[in-house]
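Here's the letter readout for the chains.
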Amino acid sequence: QVQLVESGGGLVQAGGSLRLSCAASGRPFSSYGMGWFRQAPGKEREFATAIGWSGSRTYYADSVKGRFTISRDNAKNTVYLQMNSLKPEDTAVYYCAADRYGLGSTDLYEYEYWGQGTQVTVSS
């Protein structure tokens, strides 16, 4: 079992920045790929970004590429999401998830464990 707890969400004006954190406990964090997904009201959960177990491979949705940066610190069992140049359409609940294969994936069905989510609201 892996427990994931997100933090860092909040209200920010358009153009601003936020940094989300996801702290993991339980099974060895370094063996899991990690991803961030988001879900806006009335919409399906969608992929935002992912990172492989070593941090050497990262993946981004086109909608966040160039603005968001995912990183991880395996010594601290934590994955981060730096979000810059935020837009109102980035408003959503952001979830971190652990991918059982360790590679990072754009497919939410490959993620075995999920956090409870943190709300990000971007005002115009």
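What counts as what
Residues numbered from 1 in each chain as written. Predicted model: local features only at pLDDT ≥ 70, side-chain atom pairs only at ≥ 80, totals over all residues. Heavy atoms only, no water. Helix = DSSP H or I, 4+ residues; strand = E, 2+ residues; numbered from the N terminus. Rg over C-alpha atoms; globule rule 2.2 N^0.38 Å. Buried < 20%, exposed > 50% of the residue type's maximum accessible area, 1.4 Å probe, protein only. Contact = heavy atoms within 4.5 Å. Areas by Shrake-Rupley, 256 points an atom, 1.4 Å probe, with all protein chains shown as cover. Lys, Arg positive; Asp, Glu negative; His and termini not counted. Charge placed at Lys NZ, Arg CZ, Asp CG, Glu CD. Polar contact = N/O pair within 3.5 Å; in protein donor to acceptor, adjacent residues only side chain to side chain. Disulfide = S-S within 2.5 Å.

Q: Would you take a moment to explain the overall build of the protein for this structure?
A: Secondary structure summary: the protein contains 0 helices and 11 strands in total. The helix and strand sequence of the protein, counted from the amino end, reads β-β-β-β-β-β-β-β-β-β-β. Here the C-alpha atoms of the protein give a radius of gyration of 13 Å, agreeing with the 14 Å that 2.2 N^0.38 yields for 124 residues. Along the first, second and third principal axes, the C-alpha atoms of the protein reach 40 × 25 × 25 Å. The proportion of buried residues among the 124 residues of the protein is 44%. Taking the intrachain contacts of the protein between residues at least 6 apart in sequence as the baseline, contacts between residues at least 24 apart amount to 59%. Looking at the protein as shown, the accessible area adds up to about 6,300 Å², and 47% of this sits on carbon and sulfur atoms. Looking at charge distribution, the protein has the averaged site of its 12 positive side-chain charges lying 5 Å from that of its 11 negative ones.

Q: What am I meant to see in the side chain of Arg-67 here?
A: On the secondary structure map, Arg-67 appears in the loop between strand E6 (58-60) and strand E7 (68-73). With a relative accessible area of 11%, Arg-67 lands in the buried category. Side-chain polar atoms of Arg-67 contact the backbone oxygen of Ser-85, separated by 3.0 Å. Once residues within four sequence positions are removed from consideration, Arg-67 is found in contact with Gln-82, Met-83, Asn-84, Ser-85, Leu-86, Lys-87 and Asp-90.

Q: Is there a simple way to think about the side chain of Thr-49 in this case?
A: Following the sequence through the fold, Thr-49 ends up in strand E5 (residues 46-51). Relative accessible area serves as the criterion here: at 0%, Thr-49 is assigned to the buried category. For Thr-49, the side chain forms a polar contact with the main-chain oxygen of Tyr-59, separated by 2.8 Å.

Q: Sorry if this is basic, but what is going on with the state of the cysteines here?
A: In protein structure, a disulfide is the covalent linkage between the sulfur atoms of two cysteines. Summed over all chains, the structure comprises 1 disulfide. Between the sulfur atoms of Cys-22 and its disulfide partner Cys-96 the distance amounts to 1.9 Å. Taking the sign of the S-S torsion, 45° for the link of Cys-22 and Cys-96, the bridge is right-handed. Remark: Cys-96 occurs in strand E9 (residues 92-99) and Cys-22 occurs in strand E3 (residues 18-26); sequence separation between them is 74 residues. Of the two residues, Cys-22 and Cys-96, both sit in the buried class.

Q: Whenever I open this one, the environment of Gln-39 confuses me. Can you help?
A: Tracing the backbone shows Gln-39 in strand E4 (residues 33-39). Assessed through its relative accessible area of 26%, Gln-39 is described here as partly exposed. Considered as a pair, Gln-39 and Tyr-95 are 56 residues apart in the sequence and their alpha carbons are 8.2 Å apart. A polar contact is formed between the side chain of Gln-39 and the backbone oxygen of Lys-43, at a distance of 3.1 Å.

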